[in-house]
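The chain contents come next:
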Amino acid sequence: MFLRRLILSLFLIALLIGGAIAIAGWLHHTKPDAEHAADPPPPPMVTVQAVAPEDILERFTGYGTARADRHVILAAEVVGVVTDVAREIEDGSIVEEDQVLVRIDDRRYRQQLIRAEAAAASLQAQVDQLDV
């Protein structure tokens, strides 16, 4: 009985393998031929332009509220009366480094300078007398 069952099992395994091989061969012979693709289209043509850096000043006209990207708060280093304002300065003007924007009355500071120079000369005279 064991031998019979073994032979039957081997026969069924051989039958399954043979059937799988037959089905694979049939599928291989009945497959459709692959279609040949046409040549790929040529790459698109482009125009090339030389690029050079350049500065661009953007000006915008419109209505509404605008805030500056960068802003500066100007403060004088001395106290005094403003005697002259540069005529080319308006709100939003672009100014250059070291450009004079306003002039302050300097008479008081000139007087203080004269007094300080006189005091320095007096002290220097005293030092010279001590050396004698």
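For the structure itself, look to the data block above.
Below you will find a few notes about this structure. None of these values were measured; they are calculated from a predicted model. (Residues numbered from 1 in each chain as written. Predicted model: local features only at pLDDT ≥ 70, side-chain atom pairs only at ≥ 80, totals over all residues. Heavy atoms only, no water.)

## Digging into the overall build of the protein
The helix and strand inventory of the protein stands at two helices and two strands. The linear arrangement of helices and strands in the protein, starting from the amino end, is α-β-β-α. Against the compact-globule benchmark of 14 Å for 132 residues, the protein has a radius of gyration of 50 Å, which places it well outside the compact range. In terms of overall dimensions, the protein has a C-alpha envelope of 145 × 50 × 35 Å along the principal axes. Evaluated residue by residue, the protein yields a buried proportion of 1% over its 132 residues. A total accessible area of about 14,400 Å² is found for the protein, and carbon and sulfur atoms account for 60% of it. Within the protein, one finds 12 positive and 20 negative side-chain charges whose respective centroids are separated by 14 Å. (Helix = DSSP H or I, 4+ residues; strand = E, 2+ residues; numbered from the N terminus. Rg over C-alpha atoms; globule rule 2.2 N^0.38 Å. Buried < 20%, exposed > 50% of the residue type's maximum accessible area, 1.4 Å probe, protein only. Areas by Shrake-Rupley, 256 points an atom, 1.4 Å probe, with all protein chains shown as cover. Lys, Arg positive; Asp, Glu negative; His and termini not counted. Charge placed at Lys NZ, Arg CZ, Asp CG, Glu CD.)

## Quick look at a nonpolar patch on the surface
A surface patch of nonpolar side chains, amounting to about 860 Å² of accessible area, comprises Phe 2, Leu 3, Leu 6, Ile 7, Leu 10, Ile 13, Ile 17 and Ile 21. Inspection of the secondary structure assignment puts Leu 3 in helix H1 (residues 2–30). (Patch = residues over 30% accessible without salt bridge, like charges linked within 9 Å, V, L, I, M, F, W, Y side chains within 5 Å. Salt bridge = Lys/Arg side-chain N within 4 Å of Asp/Glu carboxyl O.)

## What about H1?
Because an α-helix completes one turn every 3.6 residues, residues spaced three or four positions apart along the sequence face the same direction. In this model, H1 (29 residues) spans 42 Å end to end at C-alpha, consistent with the 42 Å of a helix rising 1.5 Å per residue. In terms of burial, H1 is largely open, as just zero of its 29 residues are buried. (Expected span 1.5 Å × (residues − 1).)

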